[in-house]
Amino acid sequence: MLVKITSNRQVTLPAHVLEAMGVGPGDYLEVSAASEGLLLRPRRIDFSKLAPLAENIPAGHPDFDISAFREDTYDPSLRD
């Protein structure tokens, strides 16, 4: 598979590749050197690092649904 590097040194990966990796907009890919080139891996959230924040969540608060959050529309003016 060939991908093109833009003048800004950006690469667009095909949708089927990103779907196979289980990543989407806003996710991170970790790039590391391997014997045959570069290795791309999805960078997952380390939930153990979030544990200290659990005491700040009120009892009975519903779980956060990341899938619904990603599909929800947003105000473009709030984008960083």
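Everything discussed here concerns the structure shown above.
The text that follows walks through the structure, step by step, so that each part is easy to find. Just so it is clear, the model here is predicted, and its values are computed rather than measured.

1. Focus on the pattern of salt bridges
Side-chain pairing between opposite charges can occur once the charged atoms of the two side chains come close.
For step 1, the next point in the chain: Applying the stated criterion to the full structure yields 1 salt bridge.
For step 2, the next point in the chain: For the salt bridge of arginine 43 with glutamate 30, the shortest nitrogen-to-oxygen distance reads 3.9 Å. Within this pair, whereas arginine 43 is found in strand 2 (residues 37-43), its partner glutamate 30 is found in strand 1 (residues 28-34), the two being separated by 13 residues in sequence.

2. Topic: the packing of aromatic side chains
For step 1, the next point in the chain: One pass over the structure, following the stated rule, counts 1 aromatic pair.
For step 2, the next point in the chain: Considering the side-chain rings of phenylalanine 64 and phenylalanine 69, the 5.4 Å spacing of their centres and the 55° angle between planes classify their relative orientation as tilted. For the pair phenylalanine 64 and phenylalanine 69, a shared accessibility class is recorded, and that class is exposed.

3. A closer look at the environment of isoleucine 45
For step 1, the next point in the chain: Tracing the chain through its elements places isoleucine 45 in the loop between strand 2 and helix 2 (66-71).
For step 2, the next point in the chain: Along the primary structure isoleucine 45 and tyrosine 28 are separated by 17 residues, whereas in three dimensions their C-alpha atoms are 9.7 Å apart.

4. Looking at unusual backbone geometry
For step 1, the next point in the chain: If you check the backbone angles, arginine 9 has positive phi at about 65° while not being a glycine.
For step 2, the next point in the chain: With respect to the secondary-structure elements, arginine 9 resides in the segment before helix 1 (15-21).
For step 3, the next point in the chain: Judged by its relative accessible area of 75%, arginine 9 falls in the exposed class.

Analysis parameters
Residues numbered from 1 in each chain as written. Predicted model: local features only at pLDDT ≥ 70, side-chain atom pairs only at ≥ 80, totals over all residues. Heavy atoms only, no water. Salt bridge = Lys/Arg side-chain N within 4 Å of Asp/Glu carboxyl O. Helix = DSSP H or I, 4+ residues; strand = E, 2+ residues; numbered from the N terminus. Phe/Tyr/Trp six-rings, centres within 6.5 Å; stacked < 30°, edge-to-face > 60°. Buried < 20%, exposed > 50% of the residue type's maximum accessible area, 1.4 Å probe, protein only.

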